[in-house]
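Listed below are the residues making up each chain.
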Amino acid sequence: MRALVQPQFGDPSEVLSVTEVPDPQPGPGQVLVRVLLSPIHNHDLWTVRGSYGFKPEMPARAGTEAVGVVEALGEGVEGLAVGQRVASGGTFGAWAELIVAPAAALVPVPDGMSDEAASQLVSMPFSAIALLDFLEVSEGDWIVQNAANGAVGRLVAQLAKARGVHVLGLVRRSAGVAELREEGIDRIVATDDDGWRDQAKAIVGDAPVVAGVDSVGGSAAGDVVSLLAEDGVLVVFGAMASPTLEISSGDVIFKQAVIKGFWGSKVFGAMSGEKRAALMGELVSGIASGALTLPVEKVYSLDEIAEAARANGEPGRRGKVLLRP
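What you see is a predicted model, and the numbers here were worked out from it, not measured in a lab. (Residues numbered from 1 in each chain as written. Predicted model: local features only at pLDDT ≥ 70, side-chain atom pairs only at ≥ 80, totals over all residues. Heavy atoms only, no water.)

Chemist: Give a description of the packing of aromatic side chains that names residues and reports values.
Modeler: The full count for this structure, using the stated rule, is 6 aromatic pairs. Residues Phe-126 and Phe-268 carry aromatic rings whose centres are separated by 5.1 Å and whose planes lie at 75° to one another, so their mutual orientation is edge-to-face. With Phe-126 in helix H4 (residues 123-134) and Phe-268 in helix H10 (residues 264-270), this pair connects stretches of sequence that are 142 residues apart. Of the two residues, Phe-126 and Phe-268, neither departs from the other in class, the shared state being buried. Note on Phe-237 and Phe-262: the rings are 5.6 Å apart at their centroids and 35° apart in plane angle, and the pair reads as tilted. Here Phe-237, found in the loop between strand E12 (233-236) and helix H9 (249-255), pairs with Phe-262, found in the loop between strand E13 (258-261) and H10; they are 25 residues apart in sequence, far enough to count as distant. A network of ring pairs unites the aromatic residues Trp-46, Tyr-52 and Trp-263 as a single cluster. (Phe/Tyr/Trp six-rings, centres within 6.5 Å; stacked < 30°, edge-to-face > 60°. Helix = DSSP H or I, 4+ residues; strand = E, 2+ residues; numbered from the N terminus. Buried < 20%, exposed > 50% of the residue type's maximum accessible area, 1.4 Å probe, protein only.)

Chemist: How would you explain the packing of H4 against helix H5 (residues 151-163) if you had to name every residue and give the values?
Modeler: Viewed as axis vectors pointing N to C, H4 and H5 meet at an angle of 55°, and their least axial separation amounts to 9 Å. Taken together, the axis directions place H4 and H5 in an arrangement best described as oblique. H4 and H5 meet at a crossing whose hand is right-handed. Taken together, the residues of H5 that come into contact with H4 (itself represented by Met-124, Pro-125, Ala-128, Ile-129, Leu-131, Leu-132 and Asp-133) are Ala-151, Val-152, Leu-155, Val-156, Leu-159, Ala-160 and Arg-163. Of the residues assigned to the contact of H4 with H5, the class counts are 12 nonpolar, no polar and 2 charged. (Axes fitted to C-alpha atoms, helices over the stretch in contact; angles between N-to-C directions. Parallel < 35°, antiparallel > 145°, perpendicular 65-115°, else oblique. Left-handed = near helix turned anticlockwise from the far one by under 90°. Contact = heavy atoms within 4.5 Å. Nonpolar A, V, L, I, M, F, W, Y, C, P; charged D, E, K, R; others polar.)

Chemist: An account of helix H12 (residues 305-312) is requested, with residue identities and associated values reported.
Modeler: Within the sequence span of H12, burial applies to Ile-305, Ala-308, Ala-309, Ala-311 and Asn-312. In an axial view of H12, the angular spread of the buried residues amounts to 160°, which keeps them on one side of the axis. On its buried face, H12 is in contact with strand E1 (2-5), helix H1 (12-15), helix H2 (42-49), strand E14 (296-301) and strand E15 (320-324). (Arc of directions from axis to C-beta.)

Chemist: Can you break down the nonpolar core residue by residue, with the values?
Modeler: Counting residues in each nonpolar core, the largest one holds 41 residues, and the members touching the most others are Leu-121, Phe-126, Leu-135 and Ile-143. Where this core is concerned, the elements lending two or more residues are helix H3 (115-118), H4, H5, strand E11 (209-214), H10 and helix H11 (273-289). Of the residues forming this core, the biggest block, 7 residues, is contributed by H4. (Core = buried A, V, L, I, M, F, W, Y, C linked by side-chain atoms within 4.5 Å.)

Chemist: An account of the sheet that holds strand E10 (residues 188-190) is requested, with residue identities and associated values reported.
Modeler: The strand order across the open sheet built from 6 strands is E10-E9-E8-E11-E12-E13, with neighbouring strands paired in parallel fashion. The open sheet is flanked by E10 and E13, the only strands paired with a single partner. Across the sheet, the axes of successive neighbouring strands diverge by a mean angle of 20°, strand direction being ignored. Strands strand E8 (142-145), strand E9 (166-171), E11 and E12 of the sheet are contacted by helix H8 (residues 219-226), whose axis makes an angle of about 170° with E11. (Pairing = 2+ DSSP bridges.)

Chemist: Go over the packing of H4 against H11, please, and point to the residues and values.
Modeler: Between H4 and H11, whose axes approach to 10 Å, the crossing angle comes to 115°. The interaxial crossing formed by H4 with H11 has right-handed handedness. Seen from H4, the contacting residues are Pro-125, Phe-126, Ile-129, Ala-130 and Asp-133; seen from H11, they are Lys-275, Arg-276, Leu-279, Met-280, Glu-282 and Leu-283. Here the residues of the contact of H4 with H11 sort into 7 nonpolar, no polar and 4 charged.

Chemist: For unusual backbone geometry, give the residues involved together with the corresponding values.
Modeler: Residue Met-58 is joined to Pro-59 through a cis peptide bond whose omega torsion reads -5°. Tracing the sequence through the fold places Pro-59 in the loop between H2 and strand E4 (66-73). In the Ramachandran plot, Arg-187 falls in the positive-phi region, its phi being about 60° despite a non-glycine side chain. Looking at the element boundaries, Arg-187 is found in the loop between helix H6 (175-182) and E10. Located in the positive-phi region is Gln-256, a residue other than glycine, with phi close to 55°. Within the secondary structure, Gln-256 sits in the loop between H9 and E13. Judged by its relative accessible area of 51%, Gln-256 falls in the exposed class.

Chemist: Residues and numbers for the layout of surface pockets, please.
Modeler: What the second largest pocket holds in volume is close to 320 Å³. Lining the second largest pocket are 21 residues, and of these Ala-157, Lys-161, Gly-184, Ile-185 and Asp-186 sit closest to its centre. Elements represented by at least two residues in the lining of the second largest pocket include exactly H5 and E9. When residues of the lining of the second largest pocket are assigned to their parent elements, the largest contribution, 5 residues, is made by H5. Classifying every residue of the lining of the second largest pocket by side-chain character gives 9 nonpolar, 8 polar and 4 charged. (1 Å grid on protein atoms, 1.4 Å probe; cavity = no way out; pocket = protein on both sides within 12 Å on 5 of 7 lines; lining within 4 Å. Points joined across faces, edges and corners; volume = space filled by probe spheres on them.)

Encoded structure:
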């Protein structure tokens, strides 16, 4: 089969190439899946660069999420059938024609859900809803997040709205405000405007901002902390611009701010099966009702990985970049 393989860590547009590799075979409790679509996530590209918490041995495959069709069942697998569509959010090597995944990790895809939406069902949406759950906020609370126009930022806003949680969103470009408004997401402020702090205050009023999410790093993390109320919590979700946080010590000391990290692999692993099922059910219902949207920017072939990787980093991208084997 054809798969994307890297011989060494480096720029994804340079080190990844299509390689012929042996077809995988499912073992006991495993399922062979023919991939239909697979998204490019930031953490996939960080892994290729060698800057993520997970560092595979070289040469290595790439990609972690996909939607596909069951090709074969390993010994002992029940509840799934050949020909059934399934989604997988944690199968390393997903940028390939075939993958093998544990049956327990696969999510059956409802008939009414498109391949484009199903290909994104697990990683980003589940990260977003788990992140919102991790914040431990209640109906009526205010939170602030940067990268509000990113995939997770959009989903957090939509999920929070459904739960009655208020979200102040920060974007780095004024154009991002209008883009999100077109999608029905308001209460957005662009930090490239000199008066953005006054705008944020006008939106929130006197209500305390109890939690914040930083996905950017650098001074953007400090911007989020500056908006938190006393005893506010900053959750660090990503580092799109910088691996270093620039936060005022005064904000941390005098607000008694708490700073925590969120890594899906750790959070998901500690989550009970009942909680995972409940959150996944909430996601599927939201997508089916249209309350949650999973837009696609463009679909590329595996051979176009260099162009696809570059497109993933383009400013103003409104949806996921997908790969089709």
